[in-house]
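# Reading the structure
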Amino acid sequence: MTKLSANTASRRQVLWATGAAITLSALALAGCDRKPVVTYHGIDLTGATYATDFRLTDPDGKERTLVDFRGKAVLIFFGFTQCPDVCPTALARAAEVKRLLGTDGDRFQTLFITVDPERDTPEVLKAYTSAFDPSFVGLYGDAQRTAETAKDFKVYYKKVDGKTPTSYTMDHSAGSYVYDTQGRLRIYQRYGSGAQALADDVRVLLTEKS
């Protein structure tokens, strides 16, 4: 067996220790580069290729797209103003989320897209959304644009006839989409989720780096 001199053994130990230190440092740096895993109360839709944008009109007659709200976390809900319970509940929750966000509430925008443009005129839309919060914006399109937008967003809606031609109601999806400040779809919030859970998710989106 070949014996190593004390100096040779010592040098090898130094080289081994140095190599180990470099490896550990590299691993530590790699760990630092990783973004922390974020979990949401809602369903994580990061990277989704649908519901990426819309082109609709606000009550003042201005055409709107998601770009108009860049810099804010955006919540989109599809409904209609004569909805008896689901829509007012969803918008009341959105108003509570804005309150829970405190000073960050100004960076949270709620958009209400009507699936009933026949009855939801610009005046009706504006009065309806303002009743929940003056910052909420109602959006509409003609029948074709409404159908196209709903399809893009995977939203279901259907007219249900009533006793008279104008007393119909609308069946529709009840969840909400939430976008980050760069206009990217990030979260789907089921109907009935609490305001605090949604506020927590929105706060994460507002604090993350683009």
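Figured I'd write up the structure that's included with this text. For every chain, the first residue of its written sequence is number 1, and the numbers climb from 1 along that sequence. Reporting of local features is limited, given that this is a predicted model, to residues whose pLDDT is at least 70; pairs of side-chain atoms are given and counted only at 80 or more, and all residues count toward the totals for whole chains, interfaces and linings. With hydrogens and water stripped out, all remaining heavy atoms of the structure feed into the side-chain values.

## Some remarks on helix H5 (residues 195-207)
Residues that lie three or four places apart on an α-helix share one face, since the helix turns once every 3.6 residues. Runs of H or I in DSSP of at least four residues are treated as helices and runs of E of at least two as strands, each being numbered from the N terminus. Helix span is expected to be 1.5 Å times the residue number reduced by one. Taking 1.5 Å of rise per residue, 13 residues should cover 18 Å, and H5 covers 18 Å from first to last C-alpha, within 8% of that figure. Exposed residues in this analysis have more than 50% of their type's maximum accessible area, buried residues have under 20%, and partly exposed residues fall in between, with area computed by a 1.4 Å probe over protein chains only. Buried within H5 are the following residues: Ala195, Ala197, Leu198, Ala199, Asp201, Val202, Leu205 and Leu206. Here the buried face of H5 lies against strand E4 (73-79), helix H2 (86-100), strand E5 (108-114), strand E9 (176-179) and strand E10 (185-189). Contacts are assigned to residue pairs that have any heavy atoms within 4.5 Å of one another.

## Digging into the packing of aromatic side chains
Side-chain rings of Phe, Tyr and Trp, where Trp is taken by its six-membered ring, are said to pair if the distance between their centres is within 6.5 Å; with planes under 30 degrees apart they count as stacked, over 60 as edge-to-face, and otherwise as tilted. Counted by the stated rule, this structure contains seven aromatic pairs. We call a charge positioned above a ring when the Lys NZ or Arg CZ atom is no farther than 6 Å from the ring centre and deviates by at most 35 degrees from the ring normal. The side chain of lysine 154 reaches across the aromatic face of tyrosine 50, ending 4.9 Å from its centre. When the ring centre of tyrosine 168 is taken as reference, the NZ or CZ atom of lysine 159 above it lies at 4.2 Å.

## Topic: the packing of H2 against H5
To get an axis, fit a line to the C-alpha atoms, keeping to the stretch in contact for a helix; angles then go from 0 to 180 degrees between the N-to-C directions. Where H2 meets H5, the closest approach of the two axes is 9 Å, and the angle between their N-to-C directions is 55 degrees. In this view, H2 runs oblique relative to H5, as classed from their interaxial angle. In terms of crossing hand, the pair formed by H2 and H5 is right-handed. Of the residues in H5, those in contact with Arg93, Glu96, Val97 and Leu100 of H2 are Ala195, Gln196, Leu198, Ala199 and Arg203. Throughout this entry, Asp, Glu, Lys and Arg are counted as charged residues, while Ala, Val, Leu, Ile, Met, Phe, Trp, Tyr, Cys and Pro are counted as nonpolar. The remaining residues, Gly among them, count as polar. Across the contact of H2 with H5, the residue classes break down as five nonpolar, one polar and three charged. Angles below 35 degrees are treated as roughly parallel, those above 145 as roughly antiparallel, those between 65 and 115 as roughly perpendicular, and all remaining angles as oblique. Handedness of a helix crossing follows the sense of rotation of the near helix relative to the far helix, less than a right angle counterclockwise being left-handed and clockwise being right-handed.

## With respect to the nonpolar core
Nonpolar side chains in soluble globular proteins tend to be buried together. Take the buried residues of types Ala, Val, Leu, Ile, Met, Phe, Trp, Tyr and Cys, join any two whose side-chain atoms come within 4.5 Å, and each joined set is a nonpolar core. Counting residues in hydrophobic clusters, the biggest one holds 49 residues, and the most contacted among them are Phe54, Ile76, Leu111, Phe153, Tyr177, Tyr179 and Val202. Of the residues forming this core, the biggest block, seven residues, is contributed by H2. Sequence-distant contacts of phenylalanine 153, defined by excluding residues within four places in its chain, comprise Tyr50, Ala51, Asp53, Phe54, Ile76, Phe78, Tyr177 and Tyr179.

## Some remarks on the sheet that holds strand E1 (residues 43-44)
The strand order across the open sheet built from six strands is E1-E10-E9-E4-E5-E6, with neighbouring strands paired in mixed fashion. The outermost strands of the open sheet, each flanked by one partner alone, are E1 and strand E6 (137-139). Where H2 meets the sheet, its contacts fall on E4, E5, E9 and E10, and the angle it forms with E5 comes to roughly 170 degrees. In this scheme, strands are said to pair when DSSP sees at least two bridges between them.

## A short note on unusual backbone geometry
The backbone of alanine 51 sits at a positive phi, close to 55 degrees, despite the residue not being glycine. Counting through the fold element by element, alanine 51 comes out in the loop between E1 and strand E2 (56-57). Take alanine 51: its relative accessible area is 2%, and that puts it in the buried class. Its identity as a non-glycine residue notwithstanding, lysine 154 has a phi of 55 degrees, on the positive side. Its location among the elements puts lysine 154 in the loop between helix H4 (143-152) and strand E7 (157-160). Since its relative accessible area comes to 57%, lysine 154 is described here as exposed.

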